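Structural features, examined
Spelled out from the first residue to the last, the chains are:
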Amino acid sequence: VPVGALLGGWLLRRVGPGLVAGGGMALAAIGLFMMSRWTGNVLDSLHATIVLVLVGLGVGLAIAPVNDAALADASEDDHGVTSSLIVVARMVGMVVGLALLTAIGLHQYYAEISALDAPTAADYKAAGIRQVDTVFLGAAIAATVAALVSWFLGRERLVVDADSEVRALSRV
C-alpha cells in the first residue's frame, strides 16, 4: 500500500487522477476476484504473495488522487482538517465495508451448514472457505465500482509551476 501511494503521487502529475485511481482500483479488483477463487493451501504459494502485493499496490495507487481531489476543493487553512477527515472516512469505510461483507459471508456460511443434516469437520471447513470467498468476491465488486467511479476524478494531469504555489490542470 505505501509503495502504491508513493507511485500514485508520482503518476498523478503525469496521467491525471482518474486514470491513477481508476487503474489502481481496477488492479485491486482483479486481485480480489482472484482471491475469491482461492482453494486449499494457496497462501503457501508464490502466486498468493504476488496477488496480495498487487491488491495492496492497487489500493495504494488510489490514495494520492483521492487526497488530491479533496484538498483541491479545500482552502489552504483547512488542509489539516481535510486530510484528517479523509483518513477517518477511509478507516470508517474499511470497517463498515468489512463488517457488511463479513455479515454477508457469514450468512452464506450458516446457510450452507444449516442445509446439511449432520455436518462433518470437512463440511465446516468447506463452508468457512466459501464464506471467505464470498467476502473477497464482494470486495472485488466494490473495488470494480470504485474503479468506475474513480474515472470521474478527472483525466487531466496536474501541472505545478516552478514556485509550487500555483496549480493548474492541462489536458493530457
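In this text, all values refer to a predicted model and were calculated from it rather than measured experimentally. (Residues numbered from 1 in each chain as written. Predicted model: local features only at pLDDT ≥ 70, side-chain atom pairs only at ≥ 80, totals over all residues. Heavy atoms only, no water.)

Here we look at the confidence of the model for the protein
A low pLDDT score tells you not to read the predicted coordinates there in detail. Keep this limit in mind: As a per-residue measure, pLDDT reflects the predictor's confidence and takes values from 0 up to 100. Comment: elements are numbered from the N terminus, with helices defined as DSSP H or I runs of at least four residues and strands as E runs of at least two. Residues are treated as being in contact if the distance between any of their heavy atoms lies within 4.5 Å.
With 88% of its residues at a pLDDT of 70 or more, the protein shows a mean pLDDT of 87. Within the protein, the element-level pLDDT minimum falls on strand β2 (residues 167-171), averaging 45, and the maximum on helix α3 (residues 46-61), averaging 95. Scored below 50 in pLDDT, residues 165-172 shows 23 contacts in the model against residues more than four places distant or in partner chains.

Things to note about the layout of surface pockets
Keep this limit in mind: A cavity here means a set of points on a 1 Å grid, drawn over the protein atoms and nothing else, where a 1.4 Å probe fits but cannot get out; a pocket is an open set with protein on both sides within 12 Å along at least five of seven lines, and a residue lines either one if it has an atom within 4 Å of a point. Grid points are joined across faces, edges and corners, and a volume is the space filled by probe spheres set on the points. Under the grouping applied here, Gly and all other residues not named as nonpolar or charged are polar, the nonpolar ones being Ala, Val, Leu, Ile, Met, Phe, Trp, Tyr, Cys and Pro and the charged ones Asp, Glu, Lys and Arg.
Of the pockets and cavities examined, the largest pocket occupies roughly 820 Å³. Around the largest pocket sit 24 residues that line it, and M25, V59, R90, G93 and M94 are the ones nearest its centre. Elements represented by at least two residues in the lining of the largest pocket include exactly α2 (17-35), α4 (63-72), α5 (79-114) and α6 (121-150). For the lining of the largest pocket, the element with the most residues is α5, which contributes 8 residues. Split into classes, the residues belonging to the lining of the largest pocket amount to 20 nonpolar, 3 polar and 1 charged.

A look at the packing of helix α1 (residues 2-15) against α4
Threshold: Between the N-to-C directions of two axes lies an angle of 0 to 180 degrees, each axis being a line fitted to C-alpha atoms and, for a helix, fitted only over the stretch in contact. These descriptions rest on fixed angle ranges, namely under 35 degrees for roughly parallel, over 145 for roughly antiparallel, 65 to 115 for roughly perpendicular, and the rest for oblique.
Following both chains from N to C, one finds α1 and α4 inclined at 55°, their axes separated by 7 Å at the closest point. The orientation of α1 with respect to α4, classified from their angle, is oblique. Where α1 approaches α4, its residues A5, G8, G9 and L12 are matched on the opposing element by I63, A64, P65 and D68. Within the contact of α1 with α4, the residues separate by chemical class into 5 nonpolar, 2 polar and 1 charged.

Points about the nonpolar core
Let me state the cut-off plainly: For the purposes of this section, nonpolar cores are sets of buried Ala, Val, Leu, Ile, Met, Phe, Trp, Tyr and Cys residues that join through side-chain atoms within 4.5 Å. Only protein chains enter the accessibility calculation, which uses a 1.4 Å probe; a residue whose area is less than 20% of its type maximum is buried, one above 50% is exposed, and one in between is partly exposed.
Of all hydrophobic cores here, the largest spans 18 residues; its most connected members are M25, L32, M35, W38, V51, V55 and A143. Of all the elements in the fold, those that place two or more residues in this core are α2, α3 and α6. Broken down by element, the residue count for this core peaks at 6 residues, all from α2. Beyond its immediate stretch of four places on either side in the chain, W38 contacts L43, H47, A48, V51, L52, I129 and D133.

Overview of the environment of L19
Residue placement: L19 occurs in helix α2. The partly exposed category is assigned to L19, whose relative accessible area is 37%. Once the C-alpha coordinates of L19 and P65 are considered, the two residues, 46 residues apart in sequence, prove to be 9.2 Å apart.

A closer look at α5
Rules: A helix is expected to span 1.5 Å for every residue after the first.
If you check α5, its first and last C-alpha atoms are 52 Å apart, about what 36 residues at 1.5 Å a residue would give, namely 52 Å. Every buried residue of α5 is listed here: T82, I86, L101, G105, Y109 and I113. Packed against the buried residues of α5 are α4 and α6.

Side note on the pattern of salt bridges
Spelled out, the test is: Basic side-chain nitrogens of Lys or Arg form a salt bridge, by our definition, when they fall within 4 Å of a carboxyl oxygen of Asp or Glu.
For the structure on display, the rule yields 1 salt bridge. Among the salt bridges present, the one from R130 reaches E112, with a minimum N-O distance of 3.4 Å. Highlighted residues: R130 in helix α6 and E112 in helix α5, separated in sequence by 18 residues. Note on R130: relative accessible area 37%, which makes it partly exposed.

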